[in-house]
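# Architecture at a glance
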Amino acid sequence: ALGAVGCSTQVTCPPPEQQTGIWVTGQGKAMASPDIAMLSLGIEVRGETVAEALEQASEAMEEVMQALIDSGVAEEDIQTQRFSIYPVTRWVKDGEEEIIAYRVTNMVLAKIREIDKAGAIIDDVAQAGGDYSRIQGISFTVDDPTPYYEEARAEAVEDAKSKAQQLASLAGVTL
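Now for a description of the structure that goes with this document. (Residues numbered from 1 in each chain as written. Predicted model: local features only at pLDDT ≥ 70, side-chain atom pairs only at ≥ 80, totals over all residues. Heavy atoms only, no water.)

### As for the packing of helix α1 (residues 50–70) against helix α2 (residues 118–129)
- Running from N to C, α1 and α2 cross one another at 155 degrees; their axes reach a closest spacing of 8 Å. Put simply, α1 runs roughly antiparallel to α2. Our pair here, α1 against α2, has a crossing hand that is right-handed. Facing α1, whose interface residues are Glu-63, Val-64, Ala-67 and Leu-68, α2 presents Ile-121, Asp-124, Val-125, Ala-128 and Gly-129.
- When the residues that make up the contact of α1 with α2 are grouped by side-chain class, the tally is 6 nonpolar, 1 polar and 2 charged. (Axes fitted to C-alpha atoms, helices over the stretch in contact; angles between N-to-C directions. Helix = DSSP H or I, 4+ residues; strand = E, 2+ residues; numbered from the N terminus. Parallel < 35°, antiparallel > 145°, perpendicular 65-115°, else oblique. Left-handed = near helix turned anticlockwise from the far one by under 90°. Contact = heavy atoms within 4.5 Å. Nonpolar A, V, L, I, M, F, W, Y, C, P; charged D, E, K, R; others polar.)

### Re unusual backbone geometry
- For Asp-94, which is not glycine, the phi dihedral falls at a positive 65 degrees.
- The exposed category is assigned to Asp-94, whose relative accessible area is 68%. (Buried < 20%, exposed > 50% of the residue type's maximum accessible area, 1.4 Å probe, protein only.)

### Remarks on the sheet that holds strand β3 (residues 96–112)
- Spatially, the 4 strands line up as an open sheet ordered β2-β3-β1-β4, and their pairing is antiparallel. Lying at the two open borders of the sheet, with one neighbouring strand each, are β2 (78–92) and β4 (133–141). Neighbour to neighbour, the strand axes of the sheet diverge by 15 degrees on average, direction disregarded.
- Sheet topology places strand β1 (residues 36–47) next to β4; 8 bridges connect them, and they run antiparallel. (Pairing = 2+ DSSP bridges.)

### Description of the pattern of salt bridges
- Overall, the coordinates contain 9 salt bridges when judged by the stated rule.
- Glu-44 is the salt-bridge partner of Arg-134, the closest N and O atoms lying 3.5 Å from each other. With Arg-134 in strand β4 and Glu-44 in strand β1, this residue pair connects regions lying 90 residues apart in the sequence.
- With a closest N to O distance of 3.0 Å, Lys-111 and Asp-143 form a salt bridge. Taken as a pair, Lys-111 in strand β3 and Asp-143 in the loop between β4 and α3 (146–171) lie far apart in primary sequence, 32 residues in all.
- A relative accessible area of 33% means that Asp-143 is categorised as partly exposed. (Salt bridge = Lys/Arg side-chain N within 4 Å of Asp/Glu carboxyl O.)

### Brief notes about the side chain of Ser-133
- With respect to the helices and strands, Ser-133 occurs in strand β4.
- According to the relative accessible area criterion, Ser-133 is buried, its value standing at 14%.
- Side-chain polar atoms of Ser-133 contact the backbone oxygen of Ala-126, separated by 3.0 Å.
- Sequence-distant contacts of Ser-133, that is, excluding residues within four places in its chain, are made with Gly-42, Val-125 and Ala-126. (Polar contact = N/O pair within 3.5 Å; in protein donor to acceptor, adjacent residues only side chain to side chain.)

This is how it looks when you write it as structure tokens:
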């Protein structure tokens, strides 16, 4: 019996499938300069009640949004990333928790199409939100990477073809 491959003498085992031909992979890359900045920002407010925290957060976020719009960021380029309300607690005797405040966080992602304005926009937003301002980070990217992907794929195919042609020639076969 051929137990190692799971066959018995009563069953005919098919031959293992073999791949024939020359198999190659290609690589390609395309370089692009960033044309947009993605700014993650917002506000964080702490209040004694949910209503108080929400009111302060709403007012601060209105100022931040207005600063973004006044700086030339289009409304459709601003998306809510996270909004949360949660209690702030502290431990008291007997291992119990006590709510001492409520925290409201409202974060957005703003697409800045004029990269050279990013620093000024950050300053404006921080000033508009005051002590409630939160700037989580900025990243730079390409708004539409499609042409760069197409360029990289074309380069990868050419690379693979070149490798296959060389190997075929060395092996004395044709593609």
